[in-house]
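# A structural walkthrough
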Amino acid sequence: MNILIHTIDFGTPEYDEAVRLRFDVLRAPLGLNYTPEQLAEEYDQVHLAGFDRKGAMVAYLNLTPASEGVVKMRQVAVAPAWHGKGVGSMLVAESEKTALSLGFSIMTLHARETAVSFYERLGYSRVGERFEEVTIPHFKMEKTLGR
Ligand SMILES: CC(C)(COP(=O)(O)OP(=O)(O)OC[C@H]1O[C@@H](n2cnc3c(N)ncnc32)[C@H](O)[C@@H]1OP(=O)(O)O)[C@@H](O)C(=O)NCCC(=O)NCCS
């Protein structure tokens, strides 16, 4: 598969493209949107995106430091035309390498219930009870990196 993955910078046209992709995949189906305050908090976070052969962004995820050695994966979104083709798995694998290189040893995330088995295939385990976020059920999941 011909997907190029690299980090993108906050406040650039690529970041704006990522926000549009995230809105289409993660927020619009729930009738929600991002607030300017939520996006402003992302200035120092790691933004990782996947691009197709023509340079169109087809996938995105965000890494946000959570505590000593722990980083949170957020906003995992693959464009619908690319679902089930391995792009999400590739992006998560790349984010784990990035997290390790930044000195993190634990990846944590809040998985939508519908995506729990996607993360389980990638070595993530559920932690604790189901809870609600952005109006839908989620589970906290974690993985120890570098094993
Ligand atoms: C969930 C998502 C990121 C997965 O990305 P993807 O590129 O479609 O996933 P992959 O092609 O790498 O899938 C890897 C495996 O997980 C499975 N899988 C993918 N999405 C799944 C889902 N939602 N539920 C269960 N299994 C899933 C695939 O069938 C595949 O299995 P296989 O290896 O046996 O073929 C993507 O479908 C998506 O953006 N969904 C909408 C937004 C969302 O739910 N994001 C996650 C928020 S926590």
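Every value quoted in this text rests on a predicted model; they were computed, and no experiment measured them. What you see as residue numbers is a count from 1 along each chain, following the sequence as written. Whole-chain, interface and lining totals are the exception, using all residues; otherwise, since this is a predicted model, local features are given only for residues with pLDDT of at least 70 and side-chain atom pairs are given and counted only at 80 or more.

## Topic: the overall build of the chain
Counting its regular elements, the chain contains four helices and seven strands. The helix count covers DSSP runs of H or I at least four residues long, the strand count covers runs of E at least two residues long, and both are numbered beginning at the N terminus. The N-to-C order of helical and strand elements in the chain reads β-α-α-β-β-β-α-β-α-β-β. For 147 residues, the compact-globule formula gives about 15 Å, and the C-alpha radius of gyration of the chain, at 15 Å, lands near that figure. Overall size of the chain, expressed as C-alpha extent along the three principal axes, is 40 × 35 × 30 Å. Each residue is classed by its C-beta neighbour count within 10 Å, where at least 20 other C-beta atoms makes it buried, 12 or fewer makes it exposed, and intermediate counts make it partly exposed; the C-beta atoms are placed from backbone geometry. When the 147 residues of the chain are sorted by exposure, 22% land in the buried category. What counts as a contact here is a pair of residues whose C-beta atoms, placed from the backbone, lie within 7 Å. At a minimum sequence separation of 6, the contacts of the chain that also span at least 24 residues come to 59%. We compute the radius of gyration from the C-alpha atoms alone; for a globule the expected value is 2.2 Å times N to the 0.38, where N is the number of residues.

## As for the environment of I8
Turning to its location among the elements, I8 is positioned in strand β1 (residues 4-8). Residue classification places I8 among the partly exposed residues on the basis of 19 C-beta atoms within 10 Å. Taking the C-alpha atoms as reference, I8 lies 17 Å from M90; in sequence the two are 82 residues apart. Ignoring any residue separated from it by four or fewer positions in sequence, one finds I8 in contact with E14, Y15, A18, H47 and A49.

## Regarding the environment of T7
The residue T7 is located in strand β1 in this model. Spatially, the C-alpha atoms of T7 and V92 are 13 Å apart, while their sequence positions differ by 85 residues. With near-sequence residues (within four places) excluded, T7 lies in contact with V46, H47 and L48.

## Looking at unusual backbone geometry
Look at V134: it is not a glycine, yet its phi comes out positive at around 40°. Here V134 lies in the loop between β6 (125-133) and β7 (136-144). For V134, a count of 11 C-beta atoms within 10 Å corresponds to the exposed category. A positive phi is found at T135, a non-glycine position, where the angle reads about 75°. Inspection of the secondary structure assignment puts T135 in the loop between β6 and β7. Under the C-beta neighbour-count criterion, T135 is labelled exposed, with 8 such atoms within 10 Å.

## What to know about helix α3 (residues 87-101)
Multiplying one less than the number of residues by 1.5 Å gives the expected span of a helix. An ideal rise of 1.5 Å per residue puts 21 Å on 15 residues; α3 measures up with 21 Å between its terminal C-alpha atoms. Of all the positions in α3, only G88, L91, V92, S95, E96 and A99 are classed as buried. Buried residues of α3, seen end-on, are gathered within an arc of 145° and therefore sit on one face of the element. In α3, the exposed residues that point more than 90 degrees away from the buried face are K97 and S101. As for α3, its buried residues are in contact with β1, β2 (46-51), β3 (57-67), β4 (70-78), β5 (106-112) and α4 (116-121). Backbone geometry just downstream of α3 places G103 in the positive-phi region, at approximately 95°. The arc in question is formed by the directions pointing from the helix axis toward the C-beta atoms.

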